[in-house]
Amino acid sequence: MAEKQKRDYYEVLGVNKNSTPDEIKSAYRKAALKWHPDKWVSGTDEEKKTAEENFKEASEAYSVLSDENKKARYDRYGFAGMDGSSAGGAGFSGFGDFDLNDILNSVFGRGFDFGGGFSSFSGFGGGGRGSNVVRERGSNIRGNVKVSLKEIATGTTKKIKVKKDIACPHCHGSGSENGETETCPTCHGRGQVVQTVNSFFGQMQTASVCPTCGGRGSIIKNKCKSCGGSGVVKGEEVIEVKIPAGVGEGMQLTMRGKGNAGPHNGVAGDLLVLIEEEPHPDFERDESTLIYNLFITIPEAIMGTQAEVPTVDGKVRVKIAPGTQSGKVLRLRGKGLPVVNGYGVGDMLVNVNVWIPKKFNKKEEELLQQLAESENFKPNPTAEEKSFFSKIKDYFN
């Protein structure tokens, strides 16, 4: 079954890009109150699942929109600028795993609790009030991938081999030799222990991770001989990484669930893929803009010509007008690179340079001397040609 389409963060909270921080906070507060799983503990399995998904979605949206830097990155790049931009796929890391306790406490104040304590909600799949079993998470791993400018222009798929922890094939990740576990006698399968303390304000309850089972709710009596009871062993995997068009040097893609396997069938970590951009012999890059240096001869600059220049998708011919000065910039619309969030394509700038020879023979020297005495070859720039700003404005036309 296909995974649920990721919704725009503004749509999730019912706000817009111009909403104030207080409006965003208020919108999240309403969503958190409505969808907290503890409020749906008596609902059907489908209702519980929907509540958990909506609560996670709202918390993720708030973790981005409440942070000035993350919000700016999201406004510019969309999900491509965020960590885990598409479900099950690769996305740009921008904020890492958000802490729901910190988010909720920042909105509702410290001590926010629906009755079971927010610590009772584990991994967005806790199973309702009283179910606080911890699923251990595997660590993230890192890898590099090299991409050419052509691949950046179109997007591509790369395969990389990574060494990582995988679920033990002997015990299928359980850590038990015979596949059996026992309910923890200390927490009775809840994963945490609760202590009641009498205070001036009455009885107060505090919950902590069970010291016997480490929060798993069960214990292993007969540990697997292959993995020693951890449920993971060393292995390797070949992973396909989808590279979106427009990526650049130093950007990081996140492959959800492709990192180290979690102990005892826990949640797998992520694979963080660093983009290495291969240098191109012809082009310089400025985000989505490509810059090409074209060299022409003095006669070509004087009389004009047509020159062939390369682009990422083939060669094109450009017209050099008579009297073109060195430093003239020609703009080729749409011949740059895609913007990384998928909206639009940049341009290519052709920087025209008139080549001045450093050596010449006697005959050429005599010819140059004759030209130097001609009035047409004496500098006579217009006011616009004298202006520095008239030259750089070509970059913005």
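The rules behind each value
Residues numbered from 1 in each chain as written. Predicted model: local features only at pLDDT ≥ 70, side-chain atom pairs only at ≥ 80, totals over all residues. Heavy atoms only, no water. Helix = DSSP H or I, 4+ residues; strand = E, 2+ residues; numbered from the N terminus. Buried < 20%, exposed > 50% of the residue type's maximum accessible area, 1.4 Å probe, protein only. Contact = heavy atoms within 4.5 Å. Areas by Shrake-Rupley, 256 points an atom, 1.4 Å probe, with all protein chains shown as cover. Phe/Tyr/Trp six-rings, centres within 6.5 Å; stacked < 30°, edge-to-face > 60°. Axes fitted to C-alpha atoms, helices over the stretch in contact; angles between N-to-C directions. Parallel < 35°, antiparallel > 145°, perpendicular 65-115°, else oblique. Nonpolar A, V, L, I, M, F, W, Y, C, P; charged D, E, K, R; others polar. Arc of directions from axis to C-beta. Polar contact = N/O pair within 3.5 Å; in protein donor to acceptor, adjacent residues only side chain to side chain. Pairing = 2+ DSSP bridges. Patch = residues over 30% accessible without salt bridge, like charges linked within 9 Å, V, L, I, M, F, W, Y side chains within 5 Å. Salt bridge = Lys/Arg side-chain N within 4 Å of Asp/Glu carboxyl O. Lys, Arg positive; Asp, Glu negative; His and termini not counted. Charge placed at Lys NZ, Arg CZ, Asp CG, Glu CD.

(A) Looking closely at the overall build of the protein chain. Along the protein chain, the regular secondary structure elements total 10 helices and 16 strands. Looking at the protein chain as a whole, 38% of its 397 residues qualify as buried. In the protein chain, the proportion of contacts linking residues at least 24 apart, taken out of those at least 6 apart, comes to 64%. Carbon and sulfur atoms provide 50% of the accessible area of the protein chain, an area that totals close to 23500 Å².

(B) Representation of the packing of aromatic side chains. Under the counting rule described, the total for this entry stands at 5 aromatic pairs. Taken together, a centroid distance of 6.0 Å and an interplanar angle of 40° make the contact between Tyr 10 and Tyr 74 tilted. Of the two residues, Tyr 10 sits in helix α1 (residues 9-13) while Tyr 74 sits in helix α4 (residues 68-77), which places them 64 residues apart along the sequence. A single burial state applies to Tyr 10 and to Tyr 74, both of which are buried. Linked through ring pairs, Tyr 9, Tyr 10 and Tyr 74 together constitute an aromatic cluster.

(C) Structural detail: the packing of helix α3 (residues 45-65) against α4. Packing of α3 against α4 brings their axes to within 6 Å, and their N-to-C directions diverge by 100°. Between α3 and α4, the angle is such that the two are roughly perpendicular. Here Ser 63, Val 64 and Leu 65 of α3 come into contact with α4, specifically with Lys 70, Lys 71 and Tyr 74. Along the lines of polarity and charge, the residues of the contact of α3 with α4 split into 3 nonpolar, 1 polar and 2 charged.

(D) How the structure looks around α4. Buried within α4 are the following residues: Lys 70, Lys 71 and Tyr 74. Buried residues of α4 fall within an arc of 100° about the axis and therefore sit on the same side. Exposed residues on α4 whose side chains face more than 90 degrees from its buried face are Glu 68 and Asn 69. Against the buried residues of α4 lie α1, α2 (21-35) and α3. The N-cap of α4, judged by a side-chain oxygen 3.0 Å from the amide nitrogen of Asn 69 a few residues on, is Asp 67. Immediately downstream of α4, the backbone of Gly 78 shows phi near 70°, a positive value.

(E) Seen up close, the pairing of strand β13 (residues 305-311). As paired elements, β13 and strand β14 (residues 314-320) share 7 bridges and run antiparallel to each other. Counted as the bridge partner of Glu 308 is Arg 317 from β14. Hairpin remark: β13 followed by β14, antiparallel, with 2 residues in the connecting loop.

(F) Highlighting the environment of Ala 307. Relative to the helices and strands, Ala 307 is located in strand β13. Of the residues examined, Ala 307 reaches a relative accessible area of 10% and is grouped as buried. Spatially, the C-alpha atom of Ala 307 lies 9.4 Å from that of Phe 295, the residues being 12 residues apart in sequence. Sequence-distant contacts of Ala 307, that is, excluding residues within four places in its chain, are made with Leu 294, Val 316, Arg 317 and Val 318.

(G) Seen up close, a negative patch on the surface. The grouping of Asp 45, Glu 46, Glu 47 and Glu 53 at the surface amounts to a negative patch. Tracing the chain through its elements places Asp 45 in helix α3. Of the residues examined, Asp 45 reaches a relative accessible area of 64% and is grouped as exposed.

(H) Structural view of a nonpolar patch on the surface. On the surface, Ile 298, Ile 302, Met 303, Ile 356 and Phe 377 cluster together into a nonpolar patch covering about 480 Å² of accessible area. Considering the arrangement of structural elements, one finds Met 303 in helix α7 (residues 298-303). Taking relative accessible area as the criterion, Met 303 reaches 61% and is therefore assigned exposed.

(I) Summary view of the sheet that holds strand β16 (residues 348-354). One open sheet accounts for 4 strands, arranged β11-β12-β16-β15; its pairing is mixed. Where the open sheet ends on each side, the last strands, each with one partner, are β11 (283-286) and β15 (329-332). The average undirected angle you get between the axes of adjacent strands in this sheet is 25°. Pairing between β15 and β16: 4 bridges, direction antiparallel.

(J) How the structure looks around the pattern of salt bridges. According to the stated counting rule, one finds 16 salt bridges in the structure shown. Between Arg 7 and Glu 57 there is a salt bridge, with the nearest N and O atoms lying 2.9 Å from each other. Highlighted residues: Arg 7 in the segment before α1 and Glu 57 in helix α3, separated in sequence by 50 residues. Since its relative accessible area comes to 30%, Arg 7 is described here as partly exposed. The class of Glu 57 is buried, set by a relative accessible area of 14%. Between Lys 158 and Glu 151 there is a salt bridge whose closest N-O contact spans 3.0 Å. One salt-bridge network, in which partners are shared between bridges, spans Arg 7, Glu 11 and Glu 57.

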